[in-house]
Amino acid sequence: MQPADVQRTSVLLVDDQPADLAALERHLEPFALHLVKAHSGEEALHRLEDEEFALVLMDVRMPGLNGFETARLLREHESERHVPLIFLTGAPREEASVAHAYATGAVDWLRKPVEPETLRAKVRVFVELHREREALRRQEAELRELEREALEDKRLRAEAERERLVVELREAVRLRDEFLSVASHELKTPLTPLALRLQMMWQELEAEPPGRERLRRHVEAVHGQLRRMTALVDSLLDATRLTSGQLVLRYERNVDLAAVVRDVASTFELQAVRAECPLKVEAPSRVLGQWDVLRLEQVVANLLSNALKFGAGCPVHVRVEERGEWARLMVRDGGIGMDEDVRARIFGRFERGVSERHYGGLGLGLFITHQVVKALGGHIHVESAPGLGSTFIVELPCSPPEAGGGSRLDS
């Protein structure tokens, strides 16, 4: 009757007659109960203090404390007050005795000698109730433990999340401070020669007559510094738009990637000569697709600028290919290259492969390039090793991806 996973169930048998105790023990043997015997009311009270019982079977007529007095003392203790009690008696069944038994807290009454089937039927009810109550108590305890563990787990996760946010915040503050320092330096860099050129122009204007050719060179230099400042400000604005998801793409039909690459490369010819980087472009007659021309030019310009900056003194190769529904752009330099750690973070915002003291820049060019390529539905990666140069590979779908809120198609 008792499953293996159920804790043992104890029943207290109280009677001053050893033969009657033996009879009770024999009748209840099929239940596989833990039967505890007491030979007096005093002994029964001690047993009840030491162990929890599912049921008490107690004789009424015992020397010393009789059954009624033992029951009364039993009910005075809070911990034993709810233990079911069945009285056993050999006296005639009188109404006054029955009423007295129930008044002392008994749940039932049996005449001696006890009829085995009746005894087992009554005991079965209280044993099952006790086991169900114990199972419910264990479930409640397990539930409380699960709730405690869940609260602890929630607390630990909240603590871990807080620590993660603190780390991210510290990193964000570090990047902000570093960026402000670099941005301040980069924005000041063109201002100094710009101010110097303006001073020289003012001096030339005061000359009689002013040197036209010298003024022309000064104006060209001023335009160059203004273009540099404009490019820096545009990079900051683009980074802000990309971060806030406000980048708008204006797709055009029949955009020729090969022509875009050749046009952009032509604007870098003077810079390539100064950097002593032979610039070679390999492209078919045309590679058509639907792209945002201005953003496409921005991607090509950023990759060429990066190649000329870090590959100074080495050739820069640009290659355009058409592969089915995809177009591929490769820009390879023979410069300083980068290790695995730099490659893993090179497309991050404000990230640089080397110190800005040697190469300058805001660390936004490749970040913007990566985000634009991604917005166009393509992907970009770099192949590089220290001292062996770098190859940036861009792959773009010739047809635009599913149009989102930041895209539009122009005729």
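Residues numbered from 1 in each chain as written. Predicted model: local features only at pLDDT ≥ 70, side-chain atom pairs only at ≥ 80, totals over all residues. Heavy atoms only, no water.

I keep staring at the side chain of Asp108 and nothing clicks. Help me out?
Within the secondary structure, Asp108 sits in strand S5 (residues 108–111). What makes Asp108 buried here is its relative accessible area of 15%. A distance of 2.6 Å separates polar atoms of two side chains, one belonging to Asp108 and the other to Lys122. Sequence-distant contacts of Asp108, defined by excluding residues within four places in its chain, comprise Leu85, Ile86, Phe87, Tyr102 and Lys122. (Helix = DSSP H or I, 4+ residues; strand = E, 2+ residues; numbered from the N terminus. Buried < 20%, exposed > 50% of the residue type's maximum accessible area, 1.4 Å probe, protein only. Polar contact = N/O pair within 3.5 Å; in protein donor to acceptor, adjacent residues only side chain to side chain. Contact = heavy atoms within 4.5 Å.)

Sorry if this is basic, but what is going on with unusual backbone geometry here?
Among all residues except glycine, the phi angle is most often negative; among peptide bonds, the trans geometry is most common. For the peptide bond that leads from Lys112 to Pro113, omega is 0 degrees, which places it in the cis range. In this structure, Glu276 takes a positive phi of about 55 degrees despite not being glycine. With respect to the helices and strands, Glu276 occurs in the loop between helix H8 (269–274) and strand S7 (279–282). On the basis of relative accessibility, which here comes to 60%, the residue Glu276 falls in the exposed class.

Would you explain helix H7 (residues 257–267) in this entry?
The periodicity of an α-helix, 3.6 residues per turn, causes residues three or four positions apart to be oriented the same way. All of the buried residues along H7 are Leu257, Ala258, Val260, Val261, Val264 and Ala265. Projected down its long axis, H7 shows its buried positions confined to an angular sector of 160 degrees, all on one face. What points out from H7, more than 90 degrees from its buried face, is the exposed set Asp263 and Thr267. (Arc of directions from axis to C-beta.)

Is there a simple way to explain the sheet that holds strand S12 (residues 390–397) in this structure?
The strands making up a sheet are joined through hydrogen bonds of the backbone, oriented either antiparallel or parallel. Spatially, 5 strands are ordered S7-S9-S10-S12-S11 in an open sheet, and the strand pairing comes out mixed. Edge positions in the open sheet fall to S7 and strand S11 (379–384), since each of these has one partner strand only. Averaged over neighbouring strand pairs, the angle between their axes works out to 15 degrees when direction is ignored. (Pairing = 2+ DSSP bridges. Axes fitted to C-alpha atoms, helices over the stretch in contact; angles between N-to-C directions.)

Got a minute to help me understand the nonpolar core in this structure?
Note that soluble globular proteins tend to have their nonpolar side chains buried in a common cluster. With 45 residues, the main nonpolar core has Trp291, Leu303, Leu304 and Leu329 as its most contacted residues. Those elements that provide at least two residues to this core are strand S6 (249–256), H7, helix H9 (293–310), strand S9 (316–323), strand S10 (326–333), helix H12 (365–375), S11 and S12. Per-element accounting of this core gives the leading share, 8 residues, to H9. In contact with Leu329, not counting residues within four places along its chain, are Val261, Val300, Leu303, Val318, Arg319, Val320, Phe392, Ile393 and Val394. Counting residues in each nonpolar core, the second largest holds 22 residues, with Val56, Met58, Ala101 and Ala106 among its members. (Core = buried A, V, L, I, M, F, W, Y, C linked by side-chain atoms within 4.5 Å.)

Could you clarify how one ought to interpret the pairing of S10 in this entry?
Each regular strand shows side chains that alternate between the opposite faces of the sheet. With 6 of 8 residues buried, S10 lies mostly within the body of the structure. As paired elements, S9 and S10 share 8 bridges and run antiparallel to each other. What sits directly across from Glu322, in S10, is Ala327. Where S9 folds back on S10, the antiparallel hairpin that results is connected by 2 residues, among which Gly324 adopts a positive phi of roughly 65 degrees. Of the strand pairs in this sheet, S10 and S12 are connected by 8 bridges, and their pairing is antiparallel. Paired with Met330 across the two strands is Ile393, which belongs to S12.

Got a minute to help me understand the pattern of salt bridges in this structure?
Close approach of charged atoms allows side chains of opposite charge to pair. Counted by the stated rule, this structure contains 23 salt bridges. Note that Arg47 and Glu43 form a salt bridge whose closest N and O atoms lie 3.5 Å from each other. With Arg47 and Glu43 both in helix H2 (residues 41–50) and 4 residues apart, the pair spans about one turn of that helix. When its relative accessible area of 24% is taken as the criterion, Glu43 is described as partly exposed. (Salt bridge = Lys/Arg side-chain N within 4 Å of Asp/Glu carboxyl O.)

Looking at this structure, how should I read the packing of aromatic side chains?
Working definition: an aromatic ring pair is given by the centre-to-centre distance plus the angle between the planes. Applying the stated criterion to the full structure yields 2 aromatic pairs. A ring pair is formed by Phe68 and Phe87, whose centres lie 5.2 Å apart and whose planes are at 80 degrees; its orientation type is edge-to-face. Here Phe87 lies in strand S4 (residues 85–89) and Phe68 lies in helix H3 (residues 67–75), a separation of 19 residues in the sequence. In terms of burial, Phe68 and Phe87 fall into one category: buried. Here Phe347 and Phe392 contribute two aromatic rings whose centre-to-centre distance is 6.1 Å and whose plane-to-plane angle is 85 degrees, an arrangement assigned as edge-to-face. Here Phe347, found in the loop between helix H10 (340–345) and helix H11 (356–359), pairs with Phe392, found in strand S12; they are 45 residues apart in sequence, far enough to count as distant. (Phe/Tyr/Trp six-rings, centres within 6.5 Å; stacked < 30°, edge-to-face > 60°.)

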